[in-house]
Amino acid sequence: MSIRASSEPIRFAYWVPNVSGGLVISKIPQRTSWDAAYNRKLAQIAEDAGFDYALTQIRFTAGYGAEYQHESVAFSHALAAATTRLTVIAAILPGPWNPTLAAKQIATISELTEGRIAINLVSGWFSGEFRAIGEPWLDHDERYRRSEEFLRSLRGIWTQDNFTFRGDFYRYSDYTLKPKPGKLPEIFQGGSSRAARDMAARVSDWYFTNGNTPEGIRAQVEDLQAKARANGHSVKVGVNAFVIARETEEEARAVLQEIIDHADPDAVKAFGHEVKNAGKASPEGEGNWAKSTFEDLVQYNDGFKTNLIGTPDQIAERIVVLKEAGVDLALLAFLHFQEEVKYFGEEVIPRVRALEAAREKRAEAA
Ligand SMILES: Cc1cc2nc3c(=O)[nH]c(=O)nc-3n(C[C@H](O)[C@H](O)[C@H](O)COP(=O)(O)O)c2cc1C
């Protein structure tokens, strides 16, 4: 089955650095900060640069040396309040959150921000984190079954009066939330295993996956979209990438090498051990990180694999290739966020838009 690229412009999101250490497990000096003032300014720079979304992260413990972590929903609200167009996607982890609280929190933030709040429903990969906070660690596919019930509960609460639901994890009886969000918040879902994809193909608005080659992404998207069609469901795709855009390819490659040379080996190995075990626990016996090398793991969502590393021209061309593989949104991380998000907006996004326009013209002429 072939994938048709969307005629919509590809969207851009950035990872909010609300966790210390930036988006790499490396001791390379970074001007990125996890604090509130830095992040408010970054959000403003990003919306001016042409980004539509920002994604916050949720961590309760430091899995790989990320020592400080601001909570995602409160932080997302602060960023939405500091901007006027950006939609902020708040990561939510079933277990610590239940759908009742999440539905109410997000409905209130939606009211406060003219609907500029969305959620990323994550399912957990770090058993040590769950142990530390006294949450039961469910088997891999059980975590996704719980996430799906969580999502169905949220949507039910947001759209129905007298919501009634009988799940294995959550139950509602004639529950009516007031006020409901004026605009239904979009639900993104992070995860890359078969269970993650199957869930997205049934219920999620967006499927967020780790970085990968265009061929790897295309295979995932084909599987996802075939299943979604069979379910009569429509789902969009966001892919992670770590961007290193420099005037020359040599400069960009040198920065990548420097990040890897400064990697914190113990933290990378501990992270690799954790995620490979988490993947092995899935029925297919391998997770998304099964084939990740030490170098890949330095960006903890495989963002180097997507290879948005080079000149603005090279990066723009590769983004269009991703779009042709069925990607609707590029989720991007940077080394020095403020400066590099601005540079990306000035040098890369206009090139992507020009390539998209040329492609549309060719399609019309054909
Ligand atoms: C884009 C993206 C963002 C994620 N954000 C978080 C997060 O903030 N907190 C978290 O605990 N897990 C996060 N995850 C992890 C996923 O929810 C999931 O647990 C992990 O990818 C393993 O899933 P898998 O076994 O389906 O591959 C994220 C995953 C992706 C792809």
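Figured I'd write up the structure that's included with this text. Source: prediction; values computed, not measured.

## With respect to the environment of Pro265
Looking at where Pro265 falls in the secondary structure, it is placed in helix 9 (residues 265-280). Residues Pro265 and Leu55 lie 210 residues apart in sequence; the distance between their C-alpha atoms is 27 Å.

## Comments concerning helix 5 (residues 140-159)
Compared with an ideal rise of 1.5 Å per residue, which puts 20 residues at 28 Å, helix 5 spans 29 Å between its outermost C-alpha atoms and is within 8% of the ideal. Across the 20 residues that make up helix 5, a large majority, 14, are buried.

## A few points about the site of the ligand
Around the ligand, a shell composed of 24 residues is seen, among which Ile58, His140, Tyr144, Gly190 and Ser193 lie nearest. Between an oxygen atom of the ligand and a main-chain N or O atom of Ser123, the distance comes to 3.1 Å. Coverage of the ligand by the protein amounts to 97% of the 620 Å² it exposes when considered alone. Of all the elements in the fold, those that place two or more residues in the shell around the ligand are helix 5 and strand 8 (206-209). Per-class residue counts for the shell around the ligand are 10 nonpolar, 13 polar and 1 charged.

## Observations regarding the environment of Arg246
Tracing the backbone shows Arg246 in the loop between strand 10 (244-245) and helix 8 (249-261). Owing to a relative accessible area of 16%, Arg246 belongs among the buried residues under this scheme. The sequence separation of Arg246 and Ile309 amounts to 63 residues, and the corresponding C-alpha distance is 8.1 Å. Non-local contacts of Arg246, meaning those with residues more than four positions away in its chain, are made with Glu251, Ala252, Val255, Gly310, Thr311, Pro312, Glu340 and Tyr343.

About the cut-offs
Residues numbered from 1 in each chain as written. Predicted model: local features only at pLDDT ≥ 70, side-chain atom pairs only at ≥ 80, totals over all residues. Heavy atoms only, no water. Helix = DSSP H or I, 4+ residues; strand = E, 2+ residues; numbered from the N terminus. Expected span 1.5 Å × (residues − 1). Buried < 20%, exposed > 50% of the residue type's maximum accessible area, 1.4 Å probe, protein only. Near = heavy atom within 4 Å. Polar contact = N/O pair within 3.5 Å; in protein donor to acceptor, adjacent residues only side chain to side chain. Areas by Shrake-Rupley, 256 points an atom, 1.4 Å probe, with all protein chains shown as cover. Nonpolar A, V, L, I, M, F, W, Y, C, P; charged D, E, K, R; others polar. Contact = heavy atoms within 4.5 Å.

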